[in-house]
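The primary structure of each chain is shown beneath.
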Amino acid sequence: NAGVTQTPKFRILKIGQSMTLQCTQDMNHNYMYWYRQDPGMGLKLIYYSVGAGITDKGEVPNGYNVSRSTTEDFPLRLELAAPSQTSVYFCASSTQGRAFFGQGTRLTVV
Amino acid sequence: KQEVTQIPAALSVPEGENLVLNCSFTDSAIYNLQWFRQDPGKGLTSLLLIQSSQREQTSGRLNASLDKSSGRSTLYIAASQPGDSATYLCAVRPDRGSTLGRLYFGRGTQLTVWP
């Protein structure tokens, strides 16, 4: 009963480095999302996908990229890490109006 | 743009109390509303989902109500326990718009129940 799985759980990056946050789901959901959560704030949508090969920007996409080559996987790419990208990142999938979240990736950029 | 507000931001109560957490949203054109629980350093766990046509949902000691026309939802926790300590998030899914299925979140209510 894996649901939505994110890796890694924690990561420290130096300014300018790149990394990919992995997200995979085993529920065959077409809709997938990446959110970020800053301390004391609500979750903000970064990117979303309505199916394999289809992605679009959310409200805070700058500095990120995504791809969706399969239904299961929705990786989030940070190309040039900046301190403003220090946050907790959540991947989610949804079906019939209900959302399921991964455990999150805590990223610190120093 | 949809704005979601949760009151109070934090709540500290003794065990056994009945609690009410409030959520308000600015655009009443919603598809559904979800209440989530978030434990420190963990992901979000869905507690209750209320469709726009429903007035309330119940699960165990939790009851959530929805008044779509006035843009409000409440989460009622009966006989609170220390294990209920967590942050509770309210999220609405819009009924229209291009971002299919996305959620708008409040900032959450941080609940502490002490023995």
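It should be noted that the structure appears before, not after, this text.
In this text the structure is predicted, and so the values were computed from the model without any measurement.

Cut-offs and rules
- Residues numbered from 1 in each chain as written.
- Chains lettered and ligands numbered in written order.
- Predicted model: local features only at pLDDT ≥ 70, side-chain atom pairs only at ≥ 80, totals over all residues.
- Heavy atoms only, no water.
- Disulfide = S-S within 2.5 Å.
- Helix = DSSP H or I, 4+ residues; strand = E, 2+ residues; numbered from the N terminus.
- Buried < 20%, exposed > 50% of the residue type's maximum accessible area, 1.4 Å probe, protein only.
- Contact = heavy atoms within 4.5 Å.
- Buried area = accessible area lost by both parts, 1.4 Å probe.
- Salt bridge = Lys/Arg side-chain N within 4 Å of Asp/Glu carboxyl O.
- Polar contact = N/O pair within 3.5 Å; in protein donor to acceptor, adjacent residues only side chain to side chain.
- Nonpolar A, V, L, I, M, F, W, Y, C, P; charged D, E, K, R; others polar.
- Pairing = 2+ DSSP bridges.
- Axes fitted to C-alpha atoms, helices over the stretch in contact; angles between N-to-C directions.
- Core = buried A, V, L, I, M, F, W, Y, C linked by side-chain atoms within 4.5 Å.
- Phe/Tyr/Trp six-rings, centres within 6.5 Å; stacked < 30°, edge-to-face > 60°.

(A) Structural view of the state of the cysteines. Residue and element names in this part refer to chain A. Per the stated rule, a full pass over the model turns up two disulfides over all chains. Covalently, C23 is tied to C91 through a disulfide, its sulfur atoms 1.8 Å apart. Across the S-S bond linking C23 and C91, the dihedral sits near -70°, which makes this disulfide left-handed. Here the residue C23 occupies a position in strand β3 (residues 19–25), and C91 occupies one in strand β9 (residues 87–95), the gap between them amounting to 68 residues. We note that C23, like C91, is buried.

(B) Representation of the interface of chain B and chain A in the model. In this assembly, 24 residues from chain B lie in contact with 21 residues from chain A. Summing both sides of the interface, chain B and chain A together bury roughly 1,900 Å²; the carbon and sulfur share of this comes to 51%. Run the count over chain B and chain A and you get two salt bridges. A salt bridge links E59 of chain A to R102 of chain B; the shortest N-O distance between them is 2.9 Å. Taken together, chain B and chain A are joined by six residue pairs in polar contact (both at pLDDT 80 or more). Looking at the side of chain B that touches chain A, the elements with two or more residues in it are β4 (30–38), β5 (44–51) and β9 (86–94) of chain B. Among the elements that make up the side of chain B that touches chain A, the one with the highest residue count is β4 of chain B (five residues). Here the residues of the side of chain B that touches chain A are counted per class, giving eight nonpolar, 11 polar and five charged.

(C) Molecular detail of the sheet that holds strand β1 (residues 4–7) of chain B. All names here are of chain B. Sheet architecture is open: five strands sit in the order β1-β3-β8-β7-β6, paired in antiparallel fashion. With partners counted over all chains shown, the strands left at the sheet margins are β1 and β6 (56–59), one partner each. Taken over all neighbouring pairs, the strand axes of this sheet differ in orientation by 15° on average, direction set aside. Here β6 pairs with strand β7 (residues 62–67) via four bridges, running antiparallel. Counted as the bridge partner of S59 is L62 from β7.

(D) Geometry of the environment of T24 of chain A. All names here are of chain A. Mapped onto the elements of the fold, T24 is located in strand β3. For the pair T24 and S93, spaced 69 residues apart in sequence, the C-alpha to C-alpha distance is 9.3 Å. Within the local environment of T24, its side chain forms a polar contact with the backbone oxygen of E72, the two atoms lying 3.4 Å apart.

(E) Representation of unusual backbone geometry. Here the amide bond leading from T7 of chain A into P8 of chain A is cis, since omega sits at -5°, within 30 degrees of zero. Along the chain, P8 of chain A turns up in the loop between β1 (4–7) and β2 (10–13). For the bond from I7 of chain B to P8 of chain B, the omega torsion is -5°, close enough to zero to count as cis. Along the chain, the position of P8 of chain B falls in the loop between β1 and β2 (10–14).

(F) Molecular detail of the nonpolar core. Core analysis: the largest hydrophobic core is formed by 23 residues, its most contacted members being L33, W35, L75 and I77 of chain B. Within the residue set of this core, elements represented by two or more residues are β3 (19–25), β4, β5, β7, β8 (72–77), β9 and β11 (109–114) of chain B. Grouped together as the second largest cluster of nonpolar side chains are 19 residues, M19, F74, L78 and C91 of chain A included.

(G) Focus on the packing of aromatic side chains. According to the stated counting rule, one finds eight aromatic pairs over all chains in the structure shown. Between F101 of chain A and F36 of chain B, the aromatic rings sit 5.4 Å apart at their centres with planes inclined by 85°, giving edge-to-face as the arrangement. With F101 of chain A in strand β10 (residues 98–101) and F36 of chain B in strand β4, the pair connects residues from two separate chains. Residues F101 of chain A and F105 of chain B carry aromatic rings whose centres are separated by 5.9 Å and whose planes lie at 80° to one another, so their mutual orientation is edge-to-face. Of the two residues, F101 of chain A is situated in strand β10 and F105 of chain B in strand β10 (residues 104–105); the pairing between them involves two chains. Across this residue pair, the class does not change: F101 of chain A and F105 of chain B are buried.

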